[in-house]
Structures are given as structure tokens and as C-alpha cells.
Amino acid sequence: MAEKFKQEETTAEKLDSFLSKNRSLFLTAALVVVIAVVAVLAVVVISGKSTEKGLAQVDSIYYTLTKDGAALEGDALTARQDAALEQLAALEGKGGVVGVRANMLVADLQFQKKNFEAAKAAYLKAANAKKNAYTAPLAYYNAAACSENLGDLDSALANYTLAADAKDFVLVDHALFSVGRVNEAKGDFKAAKEAYDKLNDKHPDGSWAELAKGRLIALKAAGNIE
């Protein structure tokens, strides 16, 4: 018993000796952890301030763009839009919510100006800036509309499909109907039927589902589907 106590004491002494000899090492390690935590907190704070600043810039641009805008037309309206686009250029490459807000505004302006290629690019930037945001499927949907205006049915179909597949997208019925409609335009009647059937399965009583039912009847009557 005494021998066991002596061994335990010896172990304790060894541990104490080890801690004493390596005190500076443990202090350094602790300091590194503290510095790391402080660095992370600093990044979060700086990131928060950067986001706040970016959003304030977008809001300021939007305010200047829309102030008394109802009375603007022609060259005056174009000048106001171009000034906003020039200011937004510095924010288009941002990620997160700032990139979303900036690129959505750029896209809307370009769409109004019928610059559909530029509008499409900006909508896709907005979607990629924050892919899990509720705005992403809306951006894909609008990008698809741009593609249709450009006559690019493949791109339109791809982006309508991304919008339709998004969880809790408010315009999912319209997106699904558009998937069917574009497939019809491409001559892929089987894929069109699948989209219309999916829409009917999801929301059979909706207005877009009623349109889908009408298209299925028309496709059958034309002999395009069974």
C-alpha cells in the first residue's frame, strides 16, 4: 500500500516537473489560442462593418436612382440609370448580401434598358453571391426570362429548372409551367409533359396547373403525347 502511494507521489512529481519545465510552451500555446480567437472575432466585426457599409452604398444609389423618378423619361431617365450602373460597378464583385443587392439592382436596370445579355449576367451573379438565399431562385427565374428574350432556349430551360427545383420558391408553379412551355418550344414534348404533370401533382388546384392541364390536352390532341 505504501509502495503504491509512493509510486503515485512520484508520478505527481514527474507531472509537476514536466509542467514547470514546459511552462513557457503552454503559455505560448494558450497565447496562440487567444490570438486566434481575437483574430476570428476581428474578422467577424470587420466583415459585419463591411457588409453594413456595402448595403448603405446600395441603398444610397437606389435612393438617388428613384428619387422623383416617376417624372423622368427619355434622356433624363437614361442618364439616371447610367449613373446608378456606374456607381454599382464597384459592388458587383462583392459576395454575400451586398453582392446580391447590388447585382439584382444592376440586372433590373439592364433589363429595363433591354440589355438582356448584361441583365442575365447580373442575375446569375446575384444568384451565385448567396446561393442559399431566397433571392437565388428569383434570380435564376429572371435570368431565364432574359435568355428567352435572347432566343437562347437551352439557357432559359436550365435556369427555369434551377428556379423550379429550389425549395420554397414562391413562383415555383410559374417556373414549372415555363419549363414545360420551353420544352414544347424545343420540340421535346415528353419533357414538357413531365413538367406539366409535376406541376399538377404539386398544386393541382392552382391557376398554373389549370393552364398545364390545357396544354396536356392540346398536346394529346396534336398527337405529340399519348
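Because the structure is a prediction, the values reported are computed rather than measured.

What follows is about unusual backbone geometry. Across the chain, the bulk of peptide bonds are trans and the bulk of non-glycine residues have phi less than zero. Its identity is not glycine, yet K114 carries a phi of approximately 65 degrees, on the positive side. For K114, the location among the structural elements is in the loop between α4 (96-112) and α5 (116-129). Of note in the backbone geometry, D168 takes a positive phi value of approximately 60 degrees without being a glycine. With respect to the secondary-structure elements, D168 resides in the loop between α7 (153-165) and α8 (172-186). On the basis of relative accessible area, D168 is assigned to the exposed category, the value being 70%.

Bringing the confidence of the model for the chain into the picture now. With 79% of its residues at a pLDDT of 70 or more, the chain shows a mean pLDDT of 83. Of all secondary-structure elements in the chain, the lowest mean pLDDT belongs to helix α1 (residues 2-21), at 49, while α7 reaches the highest, 97. For residues 35-46, every residue scores under 50 in pLDDT, and the model assigns this stretch 0 contacts once sequence neighbours within four places are set aside.

Two numbers describe how α4 lies on α5: the axes approach to 8 Å, and their chain directions differ by 165 degrees. Put simply, α4 runs roughly antiparallel to α5. In this structure, α4 crosses over α5, and the sense of that crossing is left-handed. Contacts between α4 and α5 pair G96, G99, V100, N103, M104, V106, A107, D108, Q110 and F111 from the former with F116, A118, A119, A122, Y123, K125, A126 and A129 from the latter. Its residues assigned to classes, the contact of α4 with α5 comprises 12 nonpolar, 4 polar and 2 charged.

Cut-off values and rules
Residues numbered from 1 in each chain as written. Predicted model: local features only at pLDDT ≥ 70, side-chain atom pairs only at ≥ 80, totals over all residues. Heavy atoms only, no water. Helix = DSSP H or I, 4+ residues; strand = E, 2+ residues; numbered from the N terminus. Buried < 20%, exposed > 50% of the residue type's maximum accessible area, 1.4 Å probe, protein only. pLDDT = per-residue confidence, 0-100. Contact = heavy atoms within 4.5 Å. Axes fitted to C-alpha atoms, helices over the stretch in contact; angles between N-to-C directions. Parallel < 35°, antiparallel > 145°, perpendicular 65-115°, else oblique. Left-handed = near helix turned anticlockwise from the far one by under 90°. Nonpolar A, V, L, I, M, F, W, Y, C, P; charged D, E, K, R; others polar.

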